[in-house]
Amino acid sequence: MTTIYKNIQASIKNNEKLFAVLIDPDKIAFSTISSFIKKLSTSMATHIFVGGSTVKEHASHDLVIEIKKYTKIPVILFPGDIQQLTGKADALLFLSLLSGRNSEYLIGKQVKAVSKLRTMNLEVIPTGYILIENGKQTSVERVTRTKPISRNDIQNIVDTAKAGELLGMKLIYLEAGSGALKPITADIISAVKKELNIPLLVGGGIKNKKQLDDAYNSGADLVVVGTAFEEDESFLEELKKN
Ligand code: 1GP
């Protein structure tokens with residue numbers, strides 16, 4: 001049961017760029033989900049991520065059920081906490097916050113998640129999550145009480161990503177943070193990509209097509225965008241399927 005991950009690998013092998021729309025259950029009005037998902041289905045989106053830093057109990061579960069009424073695009077959990085787990089999704093990014101030194105977000109929450117995961121038939125994808133400083137404090141930083149890695153410390157970012165791969169993680173996610181002022185730079189993405197043999201996800205602060213293309217051209221395999229669509233859905237219309 002490793003379909004989603006295998007499909008990601010296959011797409012990368014075929015030089016296809018992957019694109020995830022991130023939906024935060026606390027930021028979308030339930031009544032607008034159907035129209036948003038219909039619009040999203042005509043875009044280049046290959047995945048839907050569901051998650052947020054401070055989501056209310058059951059909100060992710062209800063949202064995933066609602067999304068799945070309108071699309072077959074795979075839904076992947078990108079959870080900020082254990083209560084966001086739901087067996088209704090297709091897969092879970094099982095995140096470990098490698099940039100921080102708060103053991104709760106490196107391994108503590110993951111141990112606590114296991115009893116829940118046992119009851120679910122979710123594809124679990126171990127993911128090294130690396131928060132990079134972007135000009136303002138992000139909710140990941142606030143909630144996890146960890147410091148991001150400086151955007152100038154590229155060697156540290158590369159070594160952290162590589163350590164994740166060597167620990168057996170299947171994906172690396174470079175995160176500038178939701179609503180970041182500055183997305184992850186081309187220099188950082190290309191330096192990390194050069195050393196990695198696993199897929200590279202990039203997200204945070206991407207608001208237009210140029211920034212999206214820059215991320216792909218620097219080596220991102222999958223780009224995640226959330227806030228830009230919360231602010232203006234017309235950006236989604238720019239991202240039509242080829
Ligand atoms: C946040 O990387 C994601 O975890 C997406 O960020 O909301 O800024 O697009 P934005």
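This text gives an overview of the structure that appears in the document. All figures in this text were calculated on a predicted structure; none of them were measured in a lab.

## Comments concerning the overall build of the chain
So, point 1. Helix and strand content of the chain: 10 helices and eight strands.
So, point 2. Across its three principal directions, the C-alpha atoms of the chain cover 45 × 40 × 35 Å.
So, point 3. Looking at the 242 residues of the chain, the share that counts as buried comes to 53%.
So, point 4. Taking the contacts inside the chain whose residues are at least 6 apart along the sequence as the reference set, 72% of them involve residues at least 24 apart.
So, point 5. In the structure as shown, the chain presents an accessible area of about 11200 Å², 51% of it carried by carbon and sulfur atoms.

## Details of the pairing of strand β5 (residues 123–131)
So, point 1. The element β5 is largely enclosed, with a buried count of seven among its nine residues.
So, point 2. When strand β4 (residues 91–97) meets β5, the two strands line up parallel, connected through seven bridges. Its bridge partner lying in β5, L92 is registered against V124.
So, point 3. Traced from β4 through helix α4 (residues 103–117) to β5, the parallel crossover comes out right-handed.
So, point 4. Strand direction decides the pairing type here: β5 and strand β6 (residues 171–175), joined by five bridges, are parallel. Bridging across to β6, T127 finds its partner in L171.

## Regarding the sheet that holds strand β3 (residues 75–77)
So, point 1. The sheet built from eight strands closes into a barrel, its strands ordered β1-β2-β3-β4-β5-β6-β7-β8 with parallel pairing. When the angles between neighbouring strand axes are averaged without regard to direction, this sheet yields 30 degrees.
So, point 2. Each of β4 and β5 touches α4; the most contacted strand, β4, lies at about 150 degrees to it.
So, point 3. The sheet strands contacting helix α7 (residues 186–195) are β6 and β7 (200–203), and the helix crosses β7 at an angle near 165 degrees.

## Section: a negative patch on the surface
So, point 1. A cluster of acidic residues, E230, E231, D232 and E238, forms a negative patch at the surface.
So, point 2. The residue E231 is located in helix α9 (residues 227–231) in this model.

## A look at the site of the ligand
So, point 1. Near the ligand you find 13 residues, and of these E175, G179, G205, G226 and T227 are the closest.
So, point 2. Y173 has a polar side-chain atom sitting 2.9 Å from an oxygen atom of the ligand.
So, point 3. Relative to its unbound accessible area of 300 Å², the ligand is 97% covered by the protein chains.

## Digging into the nonpolar core
One recurring pattern in soluble globular proteins is that nonpolar side chains are buried together.
So, point 1. Counting 81 residues, the largest nonpolar core has F19, F49, L93 and L174 as the members making the most contacts within it.
So, point 2. Take this core: its biggest share by element is six residues, from strand β1 (residues 18–23).
So, point 3. When near neighbours in sequence (up to four residues on either side) are disregarded, F19 contacts M44, A45, T46, H47, L212, Y216, L222, V223, V225, F229 and L239.

Calculation notes
Residues numbered from 1 in each chain as written. Predicted model: local features only at pLDDT ≥ 70, side-chain atom pairs only at ≥ 80, totals over all residues. Heavy atoms only, no water. Helix = DSSP H or I, 4+ residues; strand = E, 2+ residues; numbered from the N terminus. Buried < 20%, exposed > 50% of the residue type's maximum accessible area, 1.4 Å probe, protein only. Contact = heavy atoms within 4.5 Å. Areas by Shrake-Rupley, 256 points an atom, 1.4 Å probe, with all protein chains shown as cover. Pairing = 2+ DSSP bridges. Right-handed = clockwise from strand over helix to strand, strands pointing away. Axes fitted to C-alpha atoms, helices over the stretch in contact; angles between N-to-C directions. Patch = residues over 30% accessible without salt bridge, like charges linked within 9 Å, V, L, I, M, F, W, Y side chains within 5 Å. Salt bridge = Lys/Arg side-chain N within 4 Å of Asp/Glu carboxyl O. Lys, Arg positive; Asp, Glu negative; His and termini not counted. Charge placed at Lys NZ, Arg CZ, Asp CG, Glu CD. Near = heavy atom within 4 Å. Polar contact = N/O pair within 3.5 Å; in protein donor to acceptor, adjacent residues only side chain to side chain. Core = buried A, V, L, I, M, F, W, Y, C linked by side-chain atoms within 4.5 Å.

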